[in-house]
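So you can see what is in the structure, the chains are spelled out below.
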Protein chains: 2
Amino acid sequence: MEASTLRNTFIFSLLSIFSISSSTTTSHSHHHHPLDPLTPQEFTLVQTIITNSYHNSNPNNLTFQYVGLDEPNKPTLLSWLSTLKTTTPPPRRAFVITRLNKQTHEITVDLSTSSIISDHIYSGHGYPLFTLEEQTTASELPMTYPPFLESVKKRGLNLSDVVCSTYSVGWYGEEKSARVLRILCFYTEGTVNLYVRPVEGVTLVVDLDEMKITQYSDRFTVPMAKAGGTEYRAAKQKPPFGPKLKGVATVQPDGSGIEIAGHTIRWANWAFHLGFDVRAGPIISLASIYDLEKKTFRRVMYRGYISEMFVPYMEPTEEWYYKTFFDVGEFGFGLSAVSLEPMKDCPAHAVFMDGYYAGQDGKPVKISNVFCIFEQNAGNVLWRHTETGILGEVIREVRPEVSLVVRMVSTVGNYDYIIDWEFKPTGSIKVGVGLTGILEVKGVSYTHTDQIKEDGHGTLVADNTIGVYHDHFLTFHLDLDVDGETNSFVKHKLETRRVANNISPRKSYWTVVSETVKTELDARIQLGLKQEELVMVNPKKKTKLGNPIGYRLFPGSTVTSLLLKEDYPQIRAAFTNYNVWVTPYNKSEKWAGGVFVDQSRGDDTLAVWTLRNRKIENKDIVLWYTMGFHHVPCQEDFPIMSTLSGGFELRPTNFFERNPVLKTKAPKIGHWPNCTAKP
Amino acid sequence: MEASTLRNTFIFSLLSIFSISSSTTTSHSHHHHPLDPLTPQEFTLVQTIITNSYHNSNPNNLTFQYVGLDEPNKPTLLSWLSTLKTTTPPPRRAFVITRLNKQTHEITVDLSTSSIISDHIYSGHGYPLFTLEEQTTASELPMTYPPFLESVKKRGLNLSDVVCSTYSVGWYGEEKSARVLRILCFYTEGTVNLYVRPVEGVTLVVDLDEMKITQYSDRFTVPMAKAGGTEYRAAKQKPPFGPKLKGVATVQPDGSGIEIAGHTIRWANWAFHLGFDVRAGPIISLASIYDLEKKTFRRVMYRGYISEMFVPYMEPTEEWYYKTFFDVGEFGFGLSAVSLEPMKDCPAHAVFMDGYYAGQDGKPVKISNVFCIFEQNAGNVLWRHTETGILGEVIREVRPEVSLVVRMVSTVGNYDYIIDWEFKPTGSIKVGVGLTGILEVKGVSYTHTDQIKEDGHGTLVADNTIGVYHDHFLTFHLDLDVDGETNSFVKHKLETRRVANNISPRKSYWTVVSETVKTELDARIQLGLKQEELVMVNPKKKTKLGNPIGYRLFPGSTVTSLLLKEDYPQIRAAFTNYNVWVTPYNKSEKWAGGVFVDQSRGDDTLAVWTLRNRKIENKDIVLWYTMGFHHVPCQEDFPIMSTLSGGFELRPTNFFERNPVLKTKAPKIGHWPNCTAKP
C-alpha cells in the first residue's frame, strides 16, 4: 500500500486508541480518571442542572463564563491513588462561574448526585473570563452605531471591509467599574491581515451587561496603512516565492512509542495525565518516571500548567495605555486554542486530541486537534563518547535523542503562542514557548524614522505602522512532587573562596553553599543577579550515596517587568515582580493573577498570598516560574512574525542513582519499509 | 530497491559532489577558495619545504606543532571577491609552528612559490599546541618508570590495565618554565571507562623536550573505585535495558536542499564557506543570505569560530589545582575532533566531510566524517497564524521550520563537545554547544556524603568517586559584517519612564534608549545585570523606513568566571572576565587566550588587546561572545553524562525590509516513495 495510506492508517490506529477509551470514559463515568476534563455529556449535565435551578429567571440573562473540572483536593486524590484506585474515586465535581442579572455566581456542582453543592454571589473586585459569544456580539455593535459609521465615512473606508475586535480595559484606580470591553476596529480591504491596519483614533466602550456602546471617541485620523505587502496567505501572494525548503517524510519502522488511554499518556519511561482547561489550556498531571533500578514509577510533578500571562504594551496615550492583557484570566488560553494542522503544526507521525469547553449557553463546544503529541527526532545526541585512550582500541558509543512533545497553540487575537511540554528519557521536562502571529501595531502618519521627533513607543515596521514595544510574561504553576509530595526548596549558591595561607598555588576556587529556604518571602527570586542553582529536593529521601533527591530548575529567561511596582497594571501583575516564587500547596491558589482577573485590583495575586510568609520547608510546595520576553519589534516581524522561542527545563539532579538512560539502546532506524523510488 | 540503499545512494551522490570538487581544488590550486583549509598535498608540500630548510639539523628534533592556512588579510580577500574572483587570488600561504632544538619557530610558507617567507624564533611566554604523538609517548613513559611500577604494585593493580593521560600544567607565577606535561593514570580492569577510575595520589611530570619524567610524587592512596556500573557500551551491559526508544526513518521526497562545492555550502537562502582548522575546528566564513527583494546575497558574517575555551576545576589541592585547561590553544579543538557515526551522531540524511591536519612529522592525517551537514526537521513551526476575526472565514497559514546544521564533535579526553552551527531561513544563525562524555572525577575514600567533613570540592557521584566542580567557557570569535564590513555596536537600553503630570492613567512604561559604543573598554559587558539588547548595525545603511540595518545577539548564557581576577588561571583566561567584547578587526587577534597558550602568562589575551581602548565605531569590528557553564555534577552524570545544551543566536533585526520567509512555501511532505510495509 502507499506509504501515505500507511501513515494515515498508523495515525488512525493511535487516534482510535484515544477515541475508544475517550468514549469509554464518557459512557461509564466510573472509568474516569478524577483529573479528566469534563466530557461533553458532563458539560450538558452541568448546563441542565444550573439552568433548571434558575427556572424562575430569564434564561437569556444566564451566561456561563467558566465551566471546568473542580479537581479533587490533592490529599484526597493521592490517598485514592495509594489504594491503587480500588476504593471509590473522589467525588466528580464541576466549578462554574456564571453571570445572572449583572451578578457573578461561583457555583460548585456535584456530577454524581447531579446537585448544586454551593452557589455564591461574588462581590469582590474583578470579573470572570469573557465568553466568545459576548465578544463577538460586542464587536459587531459599531456596525450599526451612527457615530462610528460617520467616522468610517470620514476616513473614506468601506464599512463592509471593517472588522472590530474586543480588548479588556484593565484597572487604573477607578472606584466603581462596570463590566465593559473596549472595541478597536481594523480594515480588511485587500487583505486578511487586519491587525496591521487599525482604524486609529477611534475607541468604543461596550457595557457587556447592557450590551451597548456606552463611550465613543474619535480623536484623530492617520492615513490607513496600505494593504500591499501585508498578505501572508501563500495562495494570495505573487512570485517570486522563497526561500525553497525541502521537507522530509518520516516513517517509524517499529511503530510509535506513544500509548494513550483516555487522558493518560505513556511513552518510554514516562507516564502522565493530559487535561484541557478552557482557562489554562494544557494541564499536565501526575507526571511520573519509571526507575529501571527501583523497578517503579516515581512522581516528579503533580500538576503543571500556565497559570497566568501578562502582556503590557508600552504606549501611555489614550488609545493604548490600557493595553495590559492577561490572556489566561481574561480571554482564556484554552478558549483561544486553535485546531492544529497535521503535517504542518505537528510532524507527520503526530497523534491528536480534541478538547471541549462550555459555550456561553453552557453547551459543550469541541476544538478538534487541540493537542498534538509526537515523538521528536531532531537529530540531537542523547549522550556519546569516543574513547581513544586505550591502546589498540577505538570505542564509540552514541545514543540519538528521542523525546515526546505535547503541543498546543493558543491564538489570542493577533498573537499565536506555541506551547510545548517536552518529556525526555533523561527525566528532564522541558517547556518551550514560541511566539508567532501578527504584531499589535499603531497607525501613525510616519513613513520614515526621520519624521519621528518624539518617543514613538515602538519601531516603524511599515509605512504608517509602528510595532509597539511590549512584554510577554508567562507564569507557570509547577506543583513538583519530587519523589513524593513533601519537598523543600534549596538554593545552591556558588561562592568564591580565597585560598588561605598559600596552601595551594591557586588563589581561588568556587564551592557550593546550600541554603534551604524556610519561608515564602525568602523564596522570591529575581534571576540573573546571582550565580546560584535552584533545586527542589525531597528532604525525606536521599540517594544511596547520601545526596538529596532533587529536581533542578534551568530557567530560560531572567526577564522581569520594568513597570513601576506602584503602577496599576503592575499591581495586578505583581506575580511578575520576581521570576521565582514558592508557596505551600493550597488548592485555592491556582491563578497567579487571581480568579477574577478582568479589571482586578491585585488583591488576589501570588504576590499577596506570599505576604503571609508561610513556611515552605519540608512541605508540599509549589514552584512558580515566570518567563518573560521584552519585545522590541523589528521589520522582520512584519507582516507576520517568525517564531521567537524561549523556555525552561526541569532536570533531575541526584534523583536517580546514576544516568537513567545509560542502558538505553539506540533506536532501530536502519530498517525501512521497502520503498520503490518516488511516486 | 531497498530504501536503505536508496539513502546510501543519495548520501553518496552528495558526498561525491564534495569529493569531486575537492579533488578538483586539490589538483588545480587556482580552483581553491582562498579560505579553503590546506589540502593533503599542501600539507606534504609544507612539510617538504620546511624539512629541507632544516637539512642540517637532526630531523628527529623537528616537530610540527601547528600547521594551518595563513588566511589572506581581510581587505585583500574582500577586494578579490569584489572583482568576482576574476583577478588573481591572494597568495596561498601556510602558518606553521615548529619545535626545533628546544626552540619554538613561527614560520610562514608561500605555497605558490614553495618558499619560506619568514621564520622567527618565538622567545615570549607560553608554548604551542601539543601534538598527539608527544602526548602518547609521554603517557607511556610511566609504564617503564620504576617508582611508578612500585606505586602500581603498592595499590595491587595490574600494570597491563593501567593507562595514562596527559594534562597541561598551567602557570602559577613561576619565573622559569620548561615545556612539561603532567601525567595522571587510570585503571581499566573490567571497564573501558578509564576516567572514572583514577590512580589517585600519583602525579608525574614529563619534560617534553627531554621526553623523560622529571618529577614524581605518590602522596597517598585511596581505594580504587569499582568497575561495576561504570560500563557504557551496550554490548557489555546486562539486562534490563531501557527506556526503549522508537526511531524514525526519514526520506526526502524532493531530495536534499544542500549543495556543496569544495568547501562552499549553499542551502535555501544561505551561502557560506566551511573550513577545518586543527586548532579551532569548524570555521564558518563569508556567511551570506540571499535577499529575495534586493535579489542579491548580503553578507552577515565574515568569520566565526571558537577562539578559545577555558575549563577550570575547583579543587585547590596538589593533585588538582593546576587543572585549568584551554582546550583550543593547548590540545586543539580540531585535533580532538572525532569521526561522526552516521545514523547516530547525525540523522540518516546527513552528508559528511573529512578533515585533514599535519601530524607531528608534518605529514597529512585524515579525520573521516569530521563534519556532518544536515537539514533539521525538528517539528518546529517557522511561523503561523489562525485568523477567526473575519466573519465566515477561518484562515490558517502554517510554515514548518527547516534549518541547516553543521556539526562537529570534539572529544578532549573525557569530555565530548558537540558544536552545531545552525542556519535558519529567517536569517538567524544559531550556535549550539552540547556537553556530554565522561566526568573528570577524583578518587576518594568516601562511600557516603556523611563521611565528608570538609569541602569535598564536588559531588559524590559513586563510591570513592567525586565529580569535581568545574566550569566550561567557550569564547566565540564572531567577525560580523552586517551588510558590509563597516559596523557599529549598539546597546538598546530598556529604560523605565515615569509618566509626567498625569497625561495618562498609566504611571510608567519602558522605552528604548540606543547608545552606540565608541571604544573597546565600553563594549565589555557582563550579561544578566541590565535589561538591554545588543545589536551590531551597519551605520552606513538603513532600511527604506530609516531603521539601522542590524543583527542582534541573543545570548544563551550569562555565566562568567567566579575565580579572583588576580588568580593565575584567571589572568590567563581574562577573556572570560566579560561575556561580550568588541574589537576592531586585526588579523593577528584570532586567539582570545593568545597564540601560545600552554603555560601562557596572560600577556596576549583579548583582555590585554582591548586595554588600548581602540575606537570601534563605524569600523570593521569583531564581536566576541563567551558562553559559560558552571557544572555542579550530579549522580545522573555518572558513569556517562547525558548532553547538557546551551547556545546563542544571531538574529537579523531590521536587516530585511520585512519577514524574509513571508513567501516561503511549506515543503512538500505528503509525497512518499511507494513503501510496501516493513521488511
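Residues numbered from 1 in each chain as written. Chains lettered and ligands numbered in written order. Predicted model: local features only at pLDDT ≥ 70, side-chain atom pairs only at ≥ 80, totals over all residues. Heavy atoms only, no water.

Where an unreviewed UniProt entry is consulted, chain A appears under the name Amine oxidase, with the organism given as Camellia sinensis var. sinensis. Its UniProt record gives chain A the following Sequence similarities (unreviewed entry) comment, quoted word for word: "Belongs to the copper/topaquinone oxidase family." Quoted verbatim from the Subunit (unreviewed entry) field of UniProt, the annotation for chain A is "Homodimer." (UniProt positions renumbered as here; feature names shortened; annotations may be inferred.)

A. Up close: the overall build of chain A. Each helix and strand counted, chain A has eight helices and 34 strands in total. For 679 residues, the compact-globule formula gives about 26 Å, and the C-alpha radius of gyration of chain A, at 27 Å, lands near that figure. Residue burial in chain A is summarised as follows: out of 679 residues, 66% are buried. Taking all contacts inside chain A whose residues are at least 6 apart in sequence as the whole, residues at least 24 apart take part in 67%. If you sum the accessible surface of chain A, you get close to 23,200 Å²; carbon and sulfur atoms cover 53% of it. Of note, chain A has its 70 positive side-chain charges centred 6 Å away from the centre of its 73 negative side-chain charges. (Helix = DSSP H or I, 4+ residues; strand = E, 2+ residues; numbered from the N terminus. Rg over C-alpha atoms; globule rule 2.2 N^0.38 Å. Buried < 20%, exposed > 50% of the residue type's maximum accessible area, 1.4 Å probe, protein only. Contact = heavy atoms within 4.5 Å. Areas by Shrake-Rupley, 256 points an atom, 1.4 Å probe, with all protein chains shown as cover. Lys, Arg positive; Asp, Glu negative; His and termini not counted. Charge placed at Lys NZ, Arg CZ, Asp CG, Glu CD.)

B. Representation of the interface of chain A and chain B in the model. With 182 residues of chain A in contact, the opposing surface of chain B contributes 182 residues. Between chain A and chain B the total buried area reaches about 16,500 Å² when both faces are included, carbon and sulfur atoms providing 56% of it. The interface formed by chain A and chain B contains twelve salt bridges. Summed over the shared surface of chain A and chain B, the result is 100 residue pairs in polar contact (both at pLDDT 80 or more). Counted by class, the side of chain A that touches chain B contains 84 nonpolar, 57 polar and 41 charged residues. As defined by bridge partners, strand β9 (residues 249–251) of chain A adjoins strand β9 (residues 249–251) of chain B across three bridges and the pair is classed as antiparallel. Within β9(B), the position partnered with T250(A) by the bridge is T250(B). (Buried area = accessible area lost by both parts, 1.4 Å probe. Salt bridge = Lys/Arg side-chain N within 4 Å of Asp/Glu carboxyl O. Polar contact = N/O pair within 3.5 Å; in protein donor to acceptor, adjacent residues only side chain to side chain. Nonpolar A, V, L, I, M, F, W, Y, C, P; charged D, E, K, R; others polar. Pairing = 2+ DSSP bridges.)

C. Representation of the relation of the copies chain A and chain B within the structure. You can overlay chain A on chain B at an RMSD of 0.0 Å; the transform is a turn of 180° with a shift of 0.0 Å along its axis. The transformation just described matches what one would write down for a two-fold rotation axis. Here 100% of the contact residues of chain A are again contact residues in chain B; the copies associate through an equivalent surface. (Least-squares fit on C-alpha atoms with pLDDT ≥ 70 in both.)

D. Structural view of the confidence of the model for chain A. The predicted model of chain A has a mean per-residue pLDDT of 93, with 94% of residues at 70 or higher. Predicted confidence is poor over residues 1–30 of chain A, with pLDDT under 50, and the contacts of this stretch with residues over four places away or in other chains come to 40 contacts. (pLDDT = per-residue confidence, 0-100.)

E. Representation of the nonpolar core within the structure. Formed by 271 residues in total, the largest nonpolar core has its most connected members in W421(A), F489(A), W421(B) and F489(B). The residues touching F489(B), leaving out its near neighbours within four places in the chain, are E515(B), T516(B), V517(B), A523(B), I525(B), L534(B), V535(B), M536(B), V580(B), V582(B), I621(B) and L623(B). (Core = buried A, V, L, I, M, F, W, Y, C linked by side-chain atoms within 4.5 Å.)

F. Structural context of the sheet that holds strand β1 (residues 63–69) of chain B. All names here are of chain B. Read across the open sheet, the four strands follow the order β1-β2-β3-β4; overall the sheet is antiparallel. The open sheet is flanked by β1 and β4 (115–122), the only strands paired with a single partner. Direction aside, neighbouring strands of the sheet carry axes that sit 20° apart on average. For β1 and strand β2 (residues 93–100), the ladder comprises six bridges, and the chain directions are antiparallel. Note on β2: the bridge partner recorded for L69 is A94. (Axes fitted to C-alpha atoms, helices over the stretch in contact; angles between N-to-C directions.)

G. A look at the sheet that holds strand β7 (residues 202–207) of chain A. Residues and elements named next belong to chain A. With antiparallel pairing, four strands are arranged side by side in an open sheet as β5-β6-β7-β8. In this open sheet, the two edge strands, each paired with only one partner strand, are β5 (162–167) and β8 (212–218). Taken pair by pair, the neighbouring strands of this sheet meet at an average axis angle of 30°, ignoring direction. Bridging between β7 and β8 involves six bridges; their strand directions are antiparallel. Bridging from a neighbouring strand, V202 pairs with D218 of β8.

H. A look at the packing of aromatic side chains. Taken as a whole and assessed by the stated rule, the structure comprises 62 aromatic pairs over all chains. Ring centres of F655(A) and F656(A) lie 5.0 Å apart, and the angle between their planes is 75°; this geometry places the pair in the edge-to-face category. Accessibility expressed as a relative area gives 1% for F655(A), which makes it buried. Here the aromatic rings of F310(B) and F473(B) are separated by 6.2 Å at their centres, their planes lie at 20°, and the arrangement is stacked. Residue F310(B) is found in strand β14 (residues 296–312), and its partner F473(B) is found in strand β26 (residues 470–480); the two are separated by 163 residues along the sequence. When its relative accessible area of 0% is taken as the criterion, F310(B) is described as buried. Given the relative accessible area of 0%, F473(B) is considered buried. Clustering of aromatic rings is evident, with ring pairs tying together F130(A), Y167(A), Y313(A), W320(A), F325(A) and F331(A). Between R298(A) and the ring centre of F656(A), over which it is positioned, the NZ or CZ distance is 5.7 Å. In this structure, K507(A) packs its charged tip against the face of Y568(B), placed 4.7 Å from the ring centre. (Phe/Tyr/Trp six-rings, centres within 6.5 Å; stacked < 30°, edge-to-face > 60°. Lys NZ or Arg CZ within 6 Å of the ring centre and 35° of its normal.)

I. Quick peek at the pattern of salt bridges. Residue and element names in this part refer to chain A. Per the counting criterion, the structure on display carries 94 salt bridges over all chains. Salt-bridge contacts for E520 lead to R614; the nearest nitrogen and oxygen are separated by 2.6 Å. With E520 in the loop between β28 (508–516) and β29 (532–542) and R614 in the loop between α8 (606–609) and β32 (619–631), the pair connects residues that are 94 residues apart, well separated along the chain. Like E520, the residue R614 is buried in the burial classification.

J. Quick look at unusual backbone geometry. Residue and element names in this part refer to chain A. Of the consecutive residues P239 and P240, the connecting peptide bond is found in the cis state with omega at 0°. Its location among the elements puts P240 in the loop between β8 and β9. In this structure, P639 follows F638 across a cis peptide bond, with omega equal to 0°. Within the secondary structure, P639 sits in the loop between β32 and β33 (641–653). Of note, N613 is a non-glycine position whose phi angle comes to about 50°, a positive value. Topologically, N613 is positioned in the loop between α8 and β32.

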